[in-house]
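Here are the chains, one letter per residue:
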Amino acid sequence: MALSRRIQSLVLVCLLLAPPLIAEETPVVSAQILPVSTIVTAGKPIEVAVIFSMTDGWHTYWQNPGEAGIPTTFDWTLPPGFSLISMQEPVPLRHVEDGITTFIHEEEAIYLFQFKTPPEIPDTIQFDVKIDWLECKSICRAGHAELSLTMPSGGTADLALASKRMGENAQSQFAAPGELVGGHVSRHRDMIIVNTKAFVLNRGKIVDVDFFPMDEMIYDIGRKPELKSRFGSQTIRIPLLSDLEDVPETLHGVLKITRRSGNDLIISHVLLKETIN
Amino acid sequence: MRLKQLFLPIVIIALFSNMALAKELKVGKKAPSFTLTDVDGKEHNLKDYLGKYVVLEWINYDCPFVKKHYNSGNMQSLQKKYTAKDVVWLAINSSAPGKQGNFENAEIKRRSAEHGAAFTAYLKDDDGRVGKWYDAKTTPHMFIVDPKGKIAYMGGIDDIKSTKVEDVAGATNYVASALDAALAGNKIAMTSTKPYGCGVKY
């Protein structure tokens, strides 16, 4: 009896000590694949979403991960005749830890894929994808998933509503393509200057900006862009790397703009691809 | 008395000099000098290696990218090949105590032996000073210092940014290319690339 109690105590101690080890190995990022388009029509693009869900505090990386990390990659096996048209990725968050700046996704990230369909479509179609990512919190781990989506080309009513909601949710996470109406992009020394006269006049004063470049090794992402206001116009100054040899021709990335409208702060994201004059 | 009065200003100037060097860290410029202790308690001063090529490898044995290059035998192969050619190879860990990658000396020795690591020394940079002087961002993050003490290469180890062991064979190894060129007296083609890996856990 005494031995049994000792064994029970030992087991209890082991269980109390074990959780941190167990917790370290439990999945913290999961991925699932869902259709956005509910009916597949020959010749009309079809949309599929891959949704990442991340445990609190864990993150994955944007297509330009920043100073560390790697982007998530997708290796698709498609039905015959199908081809990838585009991938849309949610806008990132700026993450600075120990002086290292990265662009990350937290909590949930919905990637939207658009595929070209062939002239003839089988009754059932299957999409397979192998996904690799880096998941980090205080430690970093490689993540991997192999997902499969099989759907009837005719679609189902069950899919319709869920897909519509998910598609709308995904769109809210993306940057809207935009252009600087009446604006101007130029380079001055180690800065890219974006003039934003049109924004001030029409949509409320800009109070904060950030820029997430698509191109790596051009911008000094360790420094946030500066916002300068002068005589009714506002200028965004995006720092370049100090030892940059080649001048970029295009400002390509996501501009995050925070505007004040009354007591409200309105955040919008604009996908920019502007020629630098 | 006079020497003691000068000591603190000298230390401050030296520290600020290295901090200034970090901001100006570029290929062709002087590599920040440092003294770090290895896992056997021996001190290594970068200046001791003037006259030789020195590779600085920022390391974290628990980082998936470091695991990629060690589990594949890639990093050890490079270490063996180039230390045999009189290159000094210093692995530096700048993880803060309690953070991923920071281990006791006995554990470092065990893991290094398990991997068959062939670096000249594994140096501990617990307070991250040297990592920050070099602006080391990732593990791995590679630097090559030439015999005159100047930066000859800085950046990634190769051109395939992944955690997959199977990618090593098909990748262009920037460090090997740089060392082969430098040791042959030729110009290094790629002197600066973007490093990839886990963030250094300062």
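Residues numbered from 1 in each chain as written. Chains lettered and ligands numbered in written order. Predicted model: local features only at pLDDT ≥ 70, side-chain atom pairs only at ≥ 80, totals over all residues. Heavy atoms only, no water.

Visitor: Lay out the interface of chain A and chain B in plain terms, naming residues and giving numbers.
Guide: Facing the 20 residues of chain A at the interface are 21 residues of chain B. The contact between chain A and chain B buries some 1,600 Å² in all, and 57% of this surface belongs to carbon and sulfur atoms. Of all residues in chain A, Ile70(A), Asp98(A) and Cys140(A) give up the largest surface area on contact with chain B, accounting jointly for 30% of the area buried on that side. There are five salt bridges connecting chain A and chain B. Between Glu67(A) and Lys137(B) there is a salt bridge, with the nearest N and O atoms lying 3.3 Å from each other. On the surface where chain A and chain B come into contact, there are seven residue pairs in polar contact (both at pLDDT 80 or more). For the side of chain A that touches chain B, the secondary-structure elements that each account for two or more residues are β3 (59–66), β9 (124–136) and β10 (140–152) of chain A. (Contact = heavy atoms within 4.5 Å. Buried area = accessible area lost by both parts, 1.4 Å probe. Salt bridge = Lys/Arg side-chain N within 4 Å of Asp/Glu carboxyl O. Polar contact = N/O pair within 3.5 Å; in protein donor to acceptor, adjacent residues only side chain to side chain. Helix = DSSP H or I, 4+ residues; strand = E, 2+ residues; numbered from the N terminus.)

Visitor: How would you sum up the pattern of salt bridges? Please name residues and give values.
Guide: Once the charged atoms of two side chains with opposite charge are near each other, the side chains can pair. By the definition in use, this model includes 20 salt bridges over all chains. Salt-bridge contacts for Lys164(B) lead to Asp132(A); the nearest nitrogen and oxygen are separated by 3.1 Å. Taken together, the positions of Lys164(B) in the loop between β8 (151–155) and α6 (174–183) and Asp132(A) in strand β9 put the pair across two chains. What makes Lys164(B) partly exposed here is its relative accessible area of 29%. Connected via shared salt-bridge partners are Asp62(B), Glu107(B), Arg110(B), Arg111(B) and Glu114(B). (Buried < 20%, exposed > 50% of the residue type's maximum accessible area, 1.4 Å probe, protein only.)

Visitor: Quick rundown of empty space enclosed by the protein? Include the residues and the values.
Guide: Residues and elements named next belong to chain A. Applying the stated criterion across every chain yields a total of two cavities of 30 Å³ or more. Its boundaries defined by the atoms lining it, the largest cavity holds a volume of some 140 Å³. Classifying every residue of the lining of the largest cavity gives six nonpolar, four polar and four charged. The computed volume of the second largest cavity comes to approximately 40 Å³. Together, Arg-94, Phe-103, Phe-211, Pro-213, Tyr-219, Asp-220, Ile-221, Arg-223, Pro-225, Ile-238 and Pro-239 line the second largest cavity. Contributions of two or more residues to the lining of the second largest cavity are made by β14 (205–213) and β16 (233–239). Grouping the amino acids of the lining of the second largest cavity by side-chain chemistry returns eight nonpolar, no polar and three charged. (1 Å grid on protein atoms, 1.4 Å probe; cavity = no way out; pocket = protein on both sides within 12 Å on 5 of 7 lines; lining within 4 Å. Points joined across faces, edges and corners; volume = space filled by probe spheres on them. Nonpolar A, V, L, I, M, F, W, Y, C, P; charged D, E, K, R; others polar.)

Visitor: Before we move on, could you go through the state of the cysteines and cite the residues and values that matter?
Guide: Residues and elements named next belong to chain A. Using the criterion set out here, one finds two disulfides over all chains in the structure. Here Cys-136 pairs with Cys-140 through a disulfide, and the sulfurs are 2.2 Å apart. Across the disulfide from Cys-136 to Cys-140, rotation about the S-S bond amounts to roughly 115°, and the bridge is consequently right-handed. Taken as a pair, Cys-136 and Cys-140 share a single burial class, namely buried. (Disulfide = S-S within 2.5 Å.)

Visitor: Describe the sheet that holds strand β5 (residues 83–88) of chain A, naming the residues involved and giving the relevant values.
Guide: Residue and element names in this part refer to chain A. Spatial ordering of the open sheet is given by β1-β2-β8-β5, a layout of four strands whose pairing is antiparallel. For this open sheet the edge positions go to β1 (29–35) and β5, each flanked by a neighbour on one side alone. Taken over all neighbouring pairs, the strand axes of this sheet differ in orientation by 20° on average, direction set aside. Where β5 meets strand β8 (residues 108–116), five bridges bridge the pair, whose relative direction is antiparallel. Pairing of Ser-83 across the sheet is with Lys-116, part of β8. (Pairing = 2+ DSSP bridges. Axes fitted to C-alpha atoms, helices over the stretch in contact; angles between N-to-C directions.)

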